[in-house]
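# Observations on the three-dimensional arrangement
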Amino acid sequence: MLSHLTTFVLPILTSHKANAHWMIVPMDLNASPLPEDDEEVVYNQQQRGVSEEEEENEEDEEEAGFVEQQLQPQPQPQQHNESKNELLKERERRRQQREYPDEGQVAQPRRVEPKISRFYDRNKLPPGWLDCPAFGQIIGYIIPSKVPLGEFFNDYIIPGKRYSLRQVIHQQRVLGREVSASILILCLHGINKELGETILGLFLNLFNSDSAPVMVRKLGPTRIGLVIDLTNSTRYYPVLDWKKQGIKHVKIACKGRDSVPDNESVNNFVYEVLQFPFRSKSSKKFILVHCTHGHNRTGFMIVHFLMRSQPISVTRALQAFASARPPGIYKEDYIEALYEFYHEKRPDTVICPSTPDWKRGSDFDLNGEAVVDDEDDGIVAPSLQEDNVQNKIMTNDDVLGDSIPYDQQDKMRCYCYQILKLNSGAKGYSQFPGSHPVSLNRENLQLLRQRYYYATWKADGTRYMMLITWDGCYLIDRNFCFRRIQMRFPTKQTNEAGKDTHNLTLLDGEMVIDTQPDTSKQERRYLIYDMMAINQLSIVERPFGERWKMLEKEVIEPRNMERSRNISYRYDLEPFRVRRKDFWLLSTVTKLLKEFIPRLSHEADGLIFQGWDDPYVPRTHEGLLKWKYPEMNSVDFLFKVLDENRQLLFLNERGREKLMEGNQVVFKDGEDPVLYSGKIVECSWDSEEAVWVCMRVRVDKSTPNEFYTYKKVMRSIKDNITEDVLLDEIGEIVRLPMYADRIRMDSKANVGRRR
């Protein structure tokens, strides 16, 4: 039932990957071919300077210009200087024709804005590119590569060192067939036809031999199906050329100077790679991944992918990439960022490789001065320390985690609906499916007499569901948006796929901020109070008491056990701590209110009464009851100011805004109401003044309460069930025979008596 929904985590269902173990094809693909005897080295690079602003404005012109230039014959080496000057004149003439199509019009020089002080040469080779090995060995179905340059760069590169798409297509024609992606690039790296055919034959024999890795055996002819471009520039080649060859091109722009790729870019990259086998019509295609040189950004992304798709450590992942693309990642901040992101201790033996000679030699000009690496089109990257804000005050409004691709989110939404046995309905999968309690009133208070209930405190935090997968954890907010966080949830034992972490386990809980009273130190904590699925198995129909006990055994205890051992993973670096929320017998409610809640290190605004034998009920659960301190009963309104004198409050009714005529809201400290217009405001009722009082803005919600919910809250306010009334009622309830017997049994089992 769920097989088509779980493609957002490739290792879940794909035996292809389960058996692959990300073998690196043992071939030396890095050797640069020597030029022919009659070829000369061409280095003259007299080209016009282009400002950063012009680069952006000329993007469309660039596409057409590149294609046109590729069709032009190349100048002969022995006539280089003369041909070079003629070519420059011809390019300038064509540029003027494009800009001034009217005959006889005089071209005017382009205006450069005074604020743009830096120029760079559009056709300048990236520093170190010429001697950088073109690509590495295959990792799984990924080929790490330096950027292939457009044909318009060929004037400055000797034929033996050229590396472009056109050569790839040309070599396919020479061989008369489509070759495997690794050989495809190798043969197009200037190697001669005879040697190329020899290596091709050896490689195809490897593919069909019984000793070949499972991943590559008997794949036969194949080709590149996807190119992922990590450069922060558009000047290296026209994207249209890839598309014309039926090769998908994905641009994930990453700054290359003094900055590691951001987490959202990493999420996009990993998702594209995971989805590639499902989207590709052929299983015999590869992914070419490149930045400028194919080492740091490319390696950073591939290591992230290996970490999220295989049971592997950062150290092993770094070694795997270094073996395929020597010397691997050679920037210290990239390596350190990987260990920090995955919360692993870095072994003392892991040392950052030295900068390769081909790169080191390009870092200084003839005068010995540092050369600016123009990977980023002259854009200066922000400092790595920019986001490290010390002593930041935590709030419930803070946004946690990193966004993920919309396609991935849609599939996760669909999975949640199916695991909760919900139909999509007219609104699709857009509504948050979590269970919601209803306000306690004198009518539904009688449910406590009819069913067996437990109680817990109502934390004043932020509601989140959590989806745990092999490739990460995802917080799900009230807007049903998913954001990835890096946390580890080990299982009790390693599963059949070699993984020791949960996969497709769905939890429900609330994020709170604990504050230590003596030091005022803040710490986030996720209080998990329910589990709806464990490793793809839906358990929503099981009684709450069983789900609650499974939560401790399957989720909390394995974390605590692993944390107590001396392992490389550092739980203390996770974004928040995790614990199971406790539930108590109704006979302990007095202690809960009088002793436990006052000692909490986070805010609480009442109690929750949970039916012990209830299944998990998505959305509104009439049997899940919440009692708030009378002054804390609240409604979430949409507040609007249409003019200076007209303030309106809206609720939601059947998907439409419902104006609440006659209702008014006041703001504390004389704040300007205009500042709240268009926002969801949580308001409590002031019975003496007969007005609503704004308590806070609900940044975690995009829609107001339903009108039905409003009526329930108003009923609760009217009934005015105070703490004394509640305790008197519960005192009578626990003396009923059905409670007395079960309380005796549960007390012996010592269920949930720890803080």
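Bear in mind the structure is a predicted one, so any value in this text is a computation, not a measurement. (Residues numbered from 1 in each chain as written. Predicted model: local features only at pLDDT ≥ 70, side-chain atom pairs only at ≥ 80, totals over all residues. Heavy atoms only, no water.)

### Focus on the overall build of the protein chain
Regarding its fold elements, the protein chain presents 20 helices and 25 strands. When the 755 residues of the protein chain are sorted by exposure, 53% land in the buried category. A sequence separation of at least 24 residues applies to 73% of the contacts in the protein chain between residues at least 6 apart. Only carbon and sulfur atoms are counted for the fraction: they give 48% of the accessible area of the protein chain, which is about 35,800 Å². (Helix = DSSP H or I, 4+ residues; strand = E, 2+ residues; numbered from the N terminus. Buried < 20%, exposed > 50% of the residue type's maximum accessible area, 1.4 Å probe, protein only. Contact = heavy atoms within 4.5 Å. Areas by Shrake-Rupley, 256 points an atom, 1.4 Å probe, with all protein chains shown as cover.)

### Section: the packing of helix 17 (residues 589-596) against helix 19 (residues 723-733)
Packed helix pairs are specified by the crossing angle of their axes together with the interaxial distance, meaning the distance between the axes. Running from N to C, helix 17 and helix 19 point in directions that differ by 150°, and their axes come no closer than 10 Å. As judged from the angle between their axes, helix 17 and helix 19 are roughly antiparallel. Where helix 17 abuts helix 19, its residues Val589, Thr590, Leu593 and Lys594 lie against Glu723, Leu727 and Ile730. The residue makeup of the contact of helix 17 with helix 19, split by class, is 4 nonpolar, 1 polar and 2 charged. (Axes fitted to C-alpha atoms, helices over the stretch in contact; angles between N-to-C directions. Parallel < 35°, antiparallel > 145°, perpendicular 65-115°, else oblique. Nonpolar A, V, L, I, M, F, W, Y, C, P; charged D, E, K, R; others polar.)

### Structural notes on helix 19
Buried within helix 19 are the following residues: Leu726, Leu727, Glu729, Ile730 and Ile733. Buried positions in helix 19, seen along its axis, are confined to an arc of 160° and lie on one side of it. Exposed side of helix 19, more than 90 degrees from the buried face: Asp724 and Asp728 are the residues found there. (Arc of directions from axis to C-beta.)

### Overview of the packing of aromatic side chains
In the structure shown here, the tally under the stated rule is 31 aromatic pairs. For the pair tyrosine 454 and tryptophan 612, a centre-to-centre distance of 3.9 Å together with 20° between the ring planes defines the contact as stacked. Taken together, the residues span a long stretch of sequence, with tyrosine 454 in strand 9 (residues 453-459) and tryptophan 612 in the loop between strand 18 (604-611) and strand 19 (620-628) at a distance of 158 residues. Tyrosine 454 sits in the buried class, given a relative accessible area of 0%. Seen in terms of ring centroids, tryptophan 692 and tyrosine 710 are 6.4 Å apart; in terms of plane orientation they differ by 50°. Their pairing is tilted. (Phe/Tyr/Trp six-rings, centres within 6.5 Å; stacked < 30°, edge-to-face > 60°.)

### Some details on unusual backbone geometry
Omega for the peptide link from proline 326 to proline 327 comes to 0°, which places this bond in the cis form. The topology assignment puts proline 327 in the loop between helix 11 (314-324) and helix 12 (332-341). The phi dihedral of leucine 504 is positive, around 60°, even though this residue is not glycine. Phi is positive for arginine 654, which is not a glycine, with a value near 55°.

### A word on the pattern of salt bridges
All chains considered together, the criterion is met by 39 salt bridges. Residues lysine 712 and glutamate 622 are paired through a salt bridge, measuring 3.5 Å at the closest nitrogen-oxygen approach. Taken as a pair, lysine 712 in helix 18 (residues 707-719) and glutamate 622 in strand 19 lie far apart in primary sequence, 90 residues in all. One salt-bridge network, held together by shared partners, links Asp460, Lys628, Asp636, Glu682, Arg696, Arg698, Asp700 and Lys701. (Salt bridge = Lys/Arg side-chain N within 4 Å of Asp/Glu carboxyl O.)

### Structural notes on the packing of helix 10 (residues 296-309) against helix 11
At a minimum axis separation of 9 Å, helix 10 and helix 11 run at an interaxial angle of 130°. As the angle between them shows, helix 10 and helix 11 are arranged oblique. The chirality of how helix 10 crosses helix 11 is right-handed. Residues Thr298, Gly299, Ile302, Val303, Leu306 and Met307 of helix 10 lie in contact with helix 11, whose contacting residues are Val314, Ala317, Leu318, Ala320 and Phe321. Taken together, the residues of the contact of helix 10 with helix 11 break down into 9 nonpolar, 2 polar and no charged. (Left-handed = near helix turned anticlockwise from the far one by under 90°.)

### Quick word on the pairing of strand 14 (residues 522-534)
In terms of burial, strand 14 is a largely internal element, 11 of the 13 residues being buried. The pairing of strand 13 (residues 505-515) with strand 14 spans 10 bridges and is classified as antiparallel. Opposite glycine 509, over in strand 14, you have isoleucine 528 as the bridge partner. Alignment of strand 14 against strand 16 (residues 577-580), held across 4 bridges, turns out to be parallel. For arginine 525, the partnering residue across the bridge sits in strand 16 and is arginine 577. Where strand 14 meets strand 15 (residues 537-538), 2 bridges bridge the pair, whose relative direction is antiparallel. What sits directly across from isoleucine 534, in strand 15, is leucine 537. Taking the residues between adjacent antiparallel strands as the criterion, strand 14 and strand 15 are bridged by 2 residues, where asparagine 535 takes a positive phi near 50°. (Pairing = 2+ DSSP bridges.)

### Concerning the sheet that holds strand 24 (residues 679-686)
Sheet strands pair via backbone hydrogen bonds, and the direction of the pair is either parallel or antiparallel. Taken in spatial order, the 6 strands make up an open sheet running 22-21-20-24-25-23, and their pairing is mixed. Either end of the sheet is taken by a strand with one partner, and the two such strands are strand 22 (656-659) and strand 23 (665-666). Across 4 bridges, the pairing between strand 21 (residues 646-653) and strand 22 is antiparallel. The residue of strand 22 that forms the bridge with leucine 651 is lysine 658.

### Quick notes on the sheet that holds strand 3 (residues 142-145)
Taken together, 4 strands build an open sheet; the order of strands is 3-6-4-5 and the sheet is parallel. Both outer strands of the open sheet, strand 3 and strand 5 (248-251), are each paired with one neighbouring strand and no more. Averaged over all neighbouring strand pairs, the angle between strand axes comes to 25°, with direction disregarded. Two elements, strand 3 and strand 6 (residues 285-290), share 4 bridges in a ladder whose sense is parallel. Among the inter-strand pairings, isoleucine 143 is bridged to a residue of strand 6, identified as leucine 288.

### Remarks on helix 11
Every buried residue of helix 11 is accounted for by Val314, Thr315, Ala317, Leu318, Ala320, Phe321 and Ala324. Buried residues along helix 11 sit against strand 3, helix 10 and helix 12.

### Considerations on the pairing of strand 18
Taken across its 8 residues, strand 18 has 8 buried, putting it largely inside the fold. For strand 9 and strand 18, the ladder comprises 7 bridges, and the chain directions are antiparallel. The residue of strand 18 that forms the bridge with alanine 459 is alanine 604. Note that strand 18 and strand 19 share 4 bridges and pair antiparallel. Looking at strand 19, one finds that glycine 606 is bridged to lysine 628.

### Section: the state of the cysteines
Throughout the structure, instances matching the rule amount to 0 disulfides. Of all cysteine sulfurs, the one in cysteine 416 lies closest to cysteine 414, which takes part in no disulfide; the gap is 9.3 Å. Judged by its relative accessible area of 10%, cysteine 414 falls in the buried class. (Disulfide = S-S within 2.5 Å.)

### A closer look at the confidence of the model for the protein chain
Taken over all residues, the pLDDT of the protein chain has a mean of 78, while the share at 70 or more is 70%. For the stretch residues 25-82, pLDDT sits under 50, and the model shows 121 contacts to residues farther than four places along the chain or on other chains. Here residues 365-370 is modelled with pLDDT under 50, and outside its nearest four sequence neighbours on either side it reaches 5 contacts, counting other chains as well. (pLDDT = per-residue confidence, 0-100.)

### Observations concerning the nonpolar core
Ranked by size, the top nonpolar core spans 65 residues in total, and within it Ile228, Leu230, Phe269 and Phe305 carry the most contacts. Elements represented by at least two residues in this core include exactly strand 3, strand 4 (223-229), helix 9 (263-279), strand 6, helix 10, helix 11 and helix 12. Considering each element in turn, this core owes the most residues, 7 residues, to helix 10. The contact partners of phenylalanine 269, leaving out residues within four places of it in the chain, are Ile228, Leu230, Ile252, Val289, Met301, Ile302 and Phe305. (Core = buried A, V, L, I, M, F, W, Y, C linked by side-chain atoms within 4.5 Å.)

### Quick word on the environment of lysine 718
Its place among the elements puts lysine 718 in helix 18. Separated by 88 residues in sequence, lysine 718 and proline 630 place their C-alpha atoms 9.9 Å apart.

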